[in-house]
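Now for the letters of each chain:
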Amino acid sequence: MSAWLRTTRTRLLGLRTRLGVALFVVVLAFFSLFVGCALSDGAGEYGTVRVAAIQFHSVMGDPAGNRTRLAALVEEAAANGARIVVLPEAAVPGYADLTRDVFWSDAAGPDFLDVAAVAETFPGPSAEFFSPIADRLDLYLTVPFIEREGKRFYNAVALLGPDGTVRALYRKQHPWPVADASWATAGPKRACVVDTEYGRLGLMICYDVHGVLPMLGEAGADIVLHPVAWFGPNSGNWFETVLARRVAKQKTSLILANWTFPENPGWSGHGHSLIIGPDGTVLSRASKGLGNEIVYASVPRGRPRE
């Protein structure tokens with residue numbers, strides 16, 4: 001082979017190598033851009049999980065009927081892919097009846113109903129009712145109820161796992177002075193978190209948002225489950241502005257399930273259930289303030305934990 005041919009061949013091989021490297025760099029850049037966009041769309045390092053907040057009207061003093069009505073909505077949420085489902089505060093017994101200005105109390109009276117009539121020891125009827133449902137539907141489910149322990153009453157929520165077992169029992173740390181402080185004992189001051197395949201789940205109830213949300217952030221909660229029976233004014237503004245900023249500060253997603261009524265009780269706290277992402281973005285919200293509704297969204301999973 002002549003010197004000219006050898007030189008030409010060497011140059012062609014070098015050119016082909018440089019072209020291959022350049023093509024590889026271009027492909028790698030496009031792949032990196034694609035992955036970066038996927039992560040920025042909220043998929044997160046571990047993907048996403050579909051969640052649901054059930055906005056619900058509880059008939060005060062009808063635990064059996066409320067359980068049955070809630071079960072139908074939980075079934076619907078699961079059929080639409082939800083793997084984590086949150087119910088409103090005290091959804092089983094009802095929190096209050098604002099259309100009649102009736103509240104629970106530890107002593108019956110003209111404007112009060114005896115809380116002992118609906119309080120449950122734990123585990124009790126609500127856990128027994130919903131555990132097989134969570135097991136069959138393979139989901140995490142909050143069960144908000146009024147707990148009785150001796151002579152004390154707690155505004156409580158149980159978290160059931162996909163196998164139907166109780167993963168946590170949380171007692172509201174900050175009973176609201178107007179509606180439940182008259183009967184509810186404050187729960188222990190602690191961050192209630194549960195490790196799951198979807199990351200670390202945190203629990204708090206309504207008024208706890210003022211003190212417990214930072215505790216859950218410090219405890220590494222990836223998704224906060226927030227049963228609520230909100231007293232106005234709200235009209236969506238507090239949830240979507242103040243609360244969203246607080247969620248972004250803790251870098252945790254939040255599923256807020258609020259109560260509702262079939263008719264306007266004359267104030268704006270009902271409805272507006274929503275799901276907030278870890279950057280404070282409102283991912284989904286209820287389309288109406290009155291009436292039952294299921295709000296869905298996909299939120300980033302945290303690091304899988306057992």
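From a predicted model like this one, the values you see are computed outputs, not experimental measurements.

A. Summary view of the pattern of salt bridges. Tallied over the full model, the rule gives 10 salt bridges. Close ionic contact of Arg167 with Asp163 constitutes a salt bridge, the shortest N to O distance being 3.3 Å. A residue is classified by how much of its surface remains accessible, and Asp163, at 41% relative accessible area, is partly exposed. Between Asp180 and Lys172 there is a salt bridge, with its nearest N and O atoms 3.0 Å apart. For the residue pair Asp180 and Lys172, the accessibility class agrees, reading buried in each case.

B. Focus on the packing of helix H2 (residues 63–79) against helix H3 (residues 125–137). For the pair H2 and H3, interaxial distance at closest approach is 11 Å and the crossing angle is 15°. Accordingly, the angle class assigned to the pair H2 and H3 is roughly parallel. Between H2 and H3 lies a crossing of right-handed hand. On the side of H2, the interface is formed by Arg67, Thr68, Leu70, Ala71, Val74, Glu75 and Ala78, while H3 contributes Pro125, Ser126, Phe129, Phe130, Ile133, Arg136 and Leu137. For the contact of H2 with H3, the class distribution of residues is nine nonpolar, two polar and three charged.

C. Examining the packing of aromatic side chains more closely. Scanning all chains against the criterion turns up 11 aromatic pairs. With a centroid separation of 5.0 Å and 35° between ring planes, the pair formed by Trp230 and Trp238 is classed as tilted. Across this residue pair, the class does not change: Trp230 and Trp238 are buried. Site record: aromatic cluster; members linked through ring pairs are Tyr95, Phe103, Trp176, Phe231, Trp259 and Phe261. Looking at Arg171, its charged tip hangs above the ring of Tyr154, at a distance of 3.8 Å from the centre.

D. Region of the structure containing the nonpolar core. With 45 residues, the main nonpolar core has Ile84, Met204, Leu225, Leu243 and Ile255 as its most contacted residues. No other element matches helix H5 (residues 237–250), which puts five residues into this core. The residues touching Ile255, leaving out its near neighbours within four places in the chain, are Val51, Ala52, Ala53, Ile84, Val86, Ile223, Val224, Leu225, His226, Leu274 and Ile275.

E. Inspection of the sheet that holds strand E1 (residues 48–55) at higher detail. Pairing within the open sheet is mixed, and its six strands lie in the order E8-E7-E6-E2-E1-E15. Across the chains shown, the open sheet's two edge strands, defined by having one partner strand only, are strand E8 (166–171) and strand E15 (293–300). Pairs of neighbouring strands in the sheet enclose a mean axial angle of 25°, with direction left out of account. Pairing of strand E6 (residues 140–149) with strand E7 (residues 152–160) involves nine bridges; the strand directions are antiparallel. Bridge pairing links Glu149 to Arg152 in E7. Running at roughly 40° to E15, H2 makes contact with E1, strand E2 (84–86), E6 and E15 of the sheet. H3 rests against E6 and E7 of the sheet, and its axis sits at about 170° to E6.

The rules we used
- Residues numbered from 1 in each chain as written.
- Predicted model: local features only at pLDDT ≥ 70, side-chain atom pairs only at ≥ 80, totals over all residues.
- Heavy atoms only, no water.
- Salt bridge = Lys/Arg side-chain N within 4 Å of Asp/Glu carboxyl O.
- Buried < 20%, exposed > 50% of the residue type's maximum accessible area, 1.4 Å probe, protein only.
- Axes fitted to C-alpha atoms, helices over the stretch in contact; angles between N-to-C directions.
- Helix = DSSP H or I, 4+ residues; strand = E, 2+ residues; numbered from the N terminus.
- Parallel < 35°, antiparallel > 145°, perpendicular 65-115°, else oblique.
- Left-handed = near helix turned anticlockwise from the far one by under 90°.
- Contact = heavy atoms within 4.5 Å.
- Nonpolar A, V, L, I, M, F, W, Y, C, P; charged D, E, K, R; others polar.
- Phe/Tyr/Trp six-rings, centres within 6.5 Å; stacked < 30°, edge-to-face > 60°.
- Lys NZ or Arg CZ within 6 Å of the ring centre and 35° of its normal.
- Core = buried A, V, L, I, M, F, W, Y, C linked by side-chain atoms within 4.5 Å.
- Pairing = 2+ DSSP bridges.

Don't take any of this as a statement about function, it's just geometry.
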